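# Structural features, examined
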Amino acid sequence: MKVTKINDWFEKFGRFEVKHRWGFIIGLLVITIIGCLGLPRLKLDNGEEDWFDNWEETKKNQDHFEDIFGSTDTLMAHIKAKDVFDPEILQMIDELGDDLLNNVPYASSITSLMELSIPIGTDDGFEVKSPFEDGVPSDPQELAEKKAFILSRESLVNSLVSEDCTETWLIVNLEQYSDSLDEAMAKIAPPAMKIFTSDKYRSNEKWELRPAGLSYTEYEEEAATMQQCLSRIGIGFIVMLLCLIIFIRSLRGVVVPTLATVGALATTLGFSAWLNIKGNNTMILVTVLLSMALAVGYAVHYINSFKMYFRKTGKRKESIVMGIRDSGWALFFTVITTMAGMLSFLAAGIKPMRWVGAITAAAVFAVFVYTMILLPCFYSFGKDKEPDQNFVDTAGSTKSDLRVEAMGKSILNKKWITVIVGAVVMIVCIPGIFRIKVNMNYSEMMGERTPYIKRLMEITRSQLGSQYSYEVLIEYDDEDAIKNPEVLKRMDELSRRIGTLSMTKVSNGKERVSSVTKVIKEMNRTLNGDDPDFYVIPDDQDLVSQIMFLYEISGGTDLYDYISEDFRAAYLHVELSGYDGEECVKNMDEVALWVKELFPDATNAGVVGEVMQYAKMNGKLVRGSIKSIGTSLIIILLMLILAFTSLRTGIIAMIPNIAPMVLIAGVMGYLGWNLDMITAMILPMILGIAVDDTIHFTNHIKYHFELTGNYRTAIENSYREIGKTMIMTTIILCAMFVIFLTSTMNVLTRLGWLSIIGLAGALIADYTVTPVLLYITKPFGKERK
């Protein structure tokens, strides 16, 4: 495929565009307006149903569980003090519970030191009551007795209150809600946040109060993440404009990339809204960043090509046409390859990945259309000028262009050193690649510089603290099946085994696994003179039934927290010590095996909870990303081979695209950074940007070889004409990503570092390896004398 013939076609198109510039401008304006009118219909969220390909099954299991036992979501406050039994602190806990119960939607009951259901032995047997049901006693002796009694309950110590009395929980049990998590947390978190941060309850010298709970922390995470992302994108956009002002020194050269980015995103998202396509408010970050980056790259390549002709001829419209001729095909080809790479995400099994692949591909094409219409049309307005004789002599090249050409000559003169150094760098990176772990570790991924994350990590490291949890459901067909002592003992054994798992929270030697067995054991102890030796499951089923009946008629409220009313089903509540995705998956697999072993006759038994499902999803998403990247590379390779009609040229052109990904992977491995759902999305973004310069440079070399028949001359001409442009685009893009280094979230700072490393690596590979390999292998045919 002759580049000169293709360029001739783009030249004809350029003349047509300049001649009908108003038609192009008006047509683009109409399309933009139609697209923008659809934006109010745009739906962006991060609903959990989008992340699971088996969401119907996951939702069905979760709904079934909640139909039996109620909501698994709670609102909590971790309270730390010198002594949580201090009367002032107990009074605060009591009032805080009342305020939360009365003001937070879905709040159904409170569990705290002030709201307990404990069996207490009496002359007639026992009764279930709360030690502080009459309020905080003023008598120190009475308070001390109640404190000692609570600390004697094995089911409460190192669960609700620490053994040293410095920590306790206040738990707001929430009703089952029909809303999605996004909708529910928007109702639950704001009023709770207002109460927790009020002067009455906020942390002081007496106590530290740390809010937690799924809906509460998810609301905080979404707000903090969106604020950090939007602010960095906004500042990065400003940095992009400043860099364009410095490098381009043209109002039109600054305005058009801005319009191209905003217009392309608005039009693309607007038309997707017209088609009722729901988007993801997290993954759209990839679309925005890639659109900004490519708008800069496309604009700088065209503007520099136009200026080179304008400086040596002084003819504005002719220079516009020549700019389209020389850059049009390369720009169009980069668009096609980038789109093909992003569309490979359609093969992923996760909706947000498919959406971001499709919407980003559409945005990339829209950026190209906006750039190739607005730049030539806007630059066509103006007068011709007298050519500068200095630029006539240098074919329009500036001093910086000539310096880049001189550097290119030096690289060609040291071609074998370039090849050896490039190979050594890649070889050094390879061991690092094999050190990468596919994992999502929440604390390692987010860091602790963001206030709410720091608070959650402090809770997790405390004696009682736990950030996440899951449930293990045990369900039978027969009524009263759970009353069978053997079933209860097997549940106790399962609790003991789960307590040995790596992710299970352990507080002062006590495993944080709760179930109905703790209620039964506590009752059995009470019925036997409060003897600790009787804190066991009775062997007699009739005794178990009697205990449950007595507990219920005595006013106990905890029994049905863990067991169904027909005694067909029960569950274990397991608290986690942190969130390590791979460890969670391993733990879940272990639990599944134990459940099959211990409850072979159960009709339904297994792990329930979205937290553990997300752990599985992370691995699937990362593997899907890697698969999509591999598919992208194959597609791009085939397109390069077809475009340049040469297998060797296609393979050589792929090297600068693979090099930055190898470099990024090596750095991640050596630094111990996990490959998670966020970092996995950096690679296709860098690939989309890197392929831009590769195609421009390779296409330019081939074009000049067709004109001159000499490889060295073709390469040197390419260095002179577009070498500076490649440096400019890389500097601007790196400057944009530097802003992410100021984030308080590790995931965003890593996005910045890895993007900068990838872009710099791509530029170096394009500048050195590509021309040297083309010079050595001579893939375009024999030289002409």
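Residues numbered from 1 in each chain as written. Predicted model: local features only at pLDDT ≥ 70, side-chain atom pairs only at ≥ 80, totals over all residues. Heavy atoms only, no water.

For the rest of this paragraph, the subject is the overall build of the protein. Within the protein one finds 27 helices and 14 strands. The principal-axis extent of the C-alpha atoms belonging to the protein is close to 115 × 50 × 45 Å. Split into buried and exposed, the 785 residues of the protein put 58% on the buried side. Expressed as a percentage of contacts within the protein between residues at least 6 apart in sequence, the contacts between residues at least 24 apart total 82%. When the 76 positive and 95 negative side-chain charges of the protein are each reduced to one mean point, those points stand 21 Å apart. (Helix = DSSP H or I, 4+ residues; strand = E, 2+ residues; numbered from the N terminus. Buried < 20%, exposed > 50% of the residue type's maximum accessible area, 1.4 Å probe, protein only. Contact = heavy atoms within 4.5 Å. Lys, Arg positive; Asp, Glu negative; His and termini not counted. Charge placed at Lys NZ, Arg CZ, Asp CG, Glu CD.)

Counting 223 residues, the largest nonpolar core has Leu96, Leu100, Val472, Ile498 and Phe599 as its most contacted members. Sorting elements by how many residues they give to this core places helix 9 (residues 284–313) first, with 19 residues. One finds Val404, Leu412, Ile652 and Val772 within the second-largest nonpolar core, a separate group that totals 21 residues. (Core = buried A, V, L, I, M, F, W, Y, C linked by side-chain atoms within 4.5 Å.)

We now examine a negative patch on the surface. A surface patch of negative charge is lined by Asp134, Asp139, Glu142 and Glu145. Residue position: Asp139 is located in the loop between strand 5 (125–129) and helix 5 (140–151). (Patch = residues over 30% accessible without salt bridge, like charges linked within 9 Å, V, L, I, M, F, W, Y side chains within 5 Å. Areas by Shrake-Rupley, 256 points an atom, 1.4 Å probe, with all protein chains shown as cover. Salt bridge = Lys/Arg side-chain N within 4 Å of Asp/Glu carboxyl O.)

A cluster of nonpolar residues, Trp22, Ile26, Leu29, Val30, Ile31, Ile33, Ile34, Leu37, Phe271, Trp274, Leu275 and Ile277, forms a patch on the protein surface that exposes about 1,200 Å² of accessible area. The set of elements that each furnish at least two residues to the nonpolar patch consists of helix 2 (21–37) and helix 8 (251–274). Ranked by the residues each element gives to the nonpolar patch, the list is headed by helix 2, at eight residues. Topologically, Ile33 is positioned in helix 2.

Before going further, it helps to spend a moment on unusual backbone geometry. For Tyr106, which is not glycine, the phi dihedral falls at a positive 75°. Within the secondary structure layout, Tyr106 lies in the loop between helix 4 (87–103) and strand 3 (107–111). With phi around 60°, Asn158 is a residue other than glycine that occupies positive phi space. Relative to the helices and strands, Asn158 resides in the loop between helix 5 and strand 6 (167–174).

This brings us to the packing of aromatic side chains. A full pass over the atoms with the stated rule returns 24 aromatic pairs. A ring pair is formed by Phe65 and Phe69, whose centres lie 5.0 Å apart and whose planes are at 45°; its orientation type is tilted. With Phe65 and Phe69 both in helix 3 (residues 55–69) and four residues apart, this pair spans about one turn of that helix. The pair formed by Phe65 and Phe69 is uniform in burial state, with each residue classed as buried. Considering the side-chain rings of Tyr468 and Tyr579, the 5.1 Å spacing of their centres and the 55° angle between planes classify their relative orientation as tilted. (Phe/Tyr/Trp six-rings, centres within 6.5 Å; stacked < 30°, edge-to-face > 60°.)

Right, let's get into the sheet that holds strand 3. Spatial ordering of the open sheet is given by 3-6-2-7, a layout of four strands whose pairing is antiparallel. Strands with a single pairing partner mark the edges of an open sheet, and in this sheet they are strand 3 and strand 7 (207–212). With direction set aside, neighbouring strand axes in the sheet form an average angle of 20°. Sheet topology places strand 2 (residues 74–81) next to strand 7; six bridges connect them, and they run antiparallel. Across the sheet, the residue bridging to Ala77 is Pro211, located in strand 7. Against the sheet, helix 6 (residues 181–196) touches strand 2, strand 6 and strand 7, its axis set at about 20° to strand 2. Seen against the sheet, helix 7 (residues 214–248) touches strand 2, strand 6 and strand 7 and runs at an angle of roughly 85° to strand 7. (Pairing = 2+ DSSP bridges. Axes fitted to C-alpha atoms, helices over the stretch in contact; angles between N-to-C directions.)

Next up on the list: empty space enclosed by the protein. Tallying each qualifying case throughout the model produces three cavities of 30 Å³ or more. Each pocket or cavity is described by its volume, and for the largest cavity that value is around 100 Å³. In this structure, the largest cavity is lined by 14 residues; those nearest its centre are Ile689, Asp693, Thr729, Thr730 and Leu733. Elements with a minimum of two residues in the lining of the largest cavity: helix 9, helix 24 (682–708), helix 25 (711–738) and helix 26 (746–767). The residue inventory of the lining of the largest cavity, partitioned by class, reads eight nonpolar, three polar and three charged. Around the second largest cavity, the lining residues are Thr337, Thr338, Gly341, Met342, Ser632, Ile636, Pro684, Leu687, Gly688 and Val691. Of all the elements in the fold, those that place two or more residues in the lining of the second largest cavity are helix 10 (316–343), helix 22 (610–644) and helix 24. Tallied by class, the residues present in the lining of the second largest cavity amount to five nonpolar, five polar and no charged. (1 Å grid on protein atoms, 1.4 Å probe; cavity = no way out; pocket = protein on both sides within 12 Å on 5 of 7 lines; lining within 4 Å. Points joined across faces, edges and corners; volume = space filled by probe spheres on them. Nonpolar A, V, L, I, M, F, W, Y, C, P; charged D, E, K, R; others polar.)

Turning next to the environment of Cys584. By the secondary structure assignment, Cys584 is in helix 21 (residues 581–598). In sequence terms Cys584 and Asn304 are 280 residues apart; their C-alpha atoms lie 53 Å from each other. The contacts of Cys584, once residues within four sequence positions are left out, are Met503, Leu576, Tyr579, Met612 and Ala615.

Right, let's talk about the state of the cysteines for a bit. Formally, a disulfide is one covalent bond, and it connects the sulfur atom of one cysteine to the sulfur atom of another. Applying the stated rule across the entire model yields zero disulfides. The closest cysteine sulfur to the non-disulfide-bonded Cys36 is located on Cys377, 19 Å from its own sulfur. Residue classification places Cys36 among the partly exposed residues on the basis of a relative accessible area of 32%. Cys734 forms no disulfide, and the closest cysteine sulfur to it belongs to Cys243, at a distance of 10 Å. When its relative accessible area of 14% is taken as the criterion, Cys734 is described as buried. (Disulfide = S-S within 2.5 Å.)

Take the pairing of strand 2 next. In terms of burial, strand 2 is a largely internal element, seven of the eight residues being buried. Of the strand pairs in this sheet, strand 2 and strand 6 are connected by seven bridges, and their pairing is antiparallel. Among the inter-strand pairings, Thr74 is bridged to a residue of strand 6, identified as Asn173.

This next bit is on the sheet that holds strand 9 (residues 469–475). Pairing is antiparallel across the open sheet formed by four strands, whose spatial order is 12-13-9-14. Two strands in the sheet have a free side with no partner beyond their single neighbour: strand 12 (513–514) and strand 14 (604–608). Where strand 9 lies against strand 13 (residues 569–575), seven bridges are found, and the strand directions are antiparallel. Residue pairing in the sheet places Tyr470 in a bridge with Val574 of strand 13. Strands in contact with helix 17 (residues 485–498) are strand 9, strand 12 and strand 13; relative to strand 13, the strand with the most contacts, it is inclined by about 15°.

Here the focus is the packing of helix 22 against helix 24. Direction vectors running N to C along helix 22 and helix 24 enclose 10°, while the axes themselves pass 12 Å from each other. Comparing the axis directions of helix 22 and helix 24 gives the class roughly parallel. Only Leu683, Pro684, Leu687, Val691, Ile695, Thr698, Asn699 and Lys702 of helix 24 make contact with helix 22, whose side of the interface consists of Ile629, Ser632, Leu633, Ile636, Leu640 and Phe644. By residue class, the composition of the contact of helix 22 with helix 24 is ten nonpolar, three polar and one charged. (Parallel < 35°, antiparallel > 145°, perpendicular 65-115°, else oblique.)

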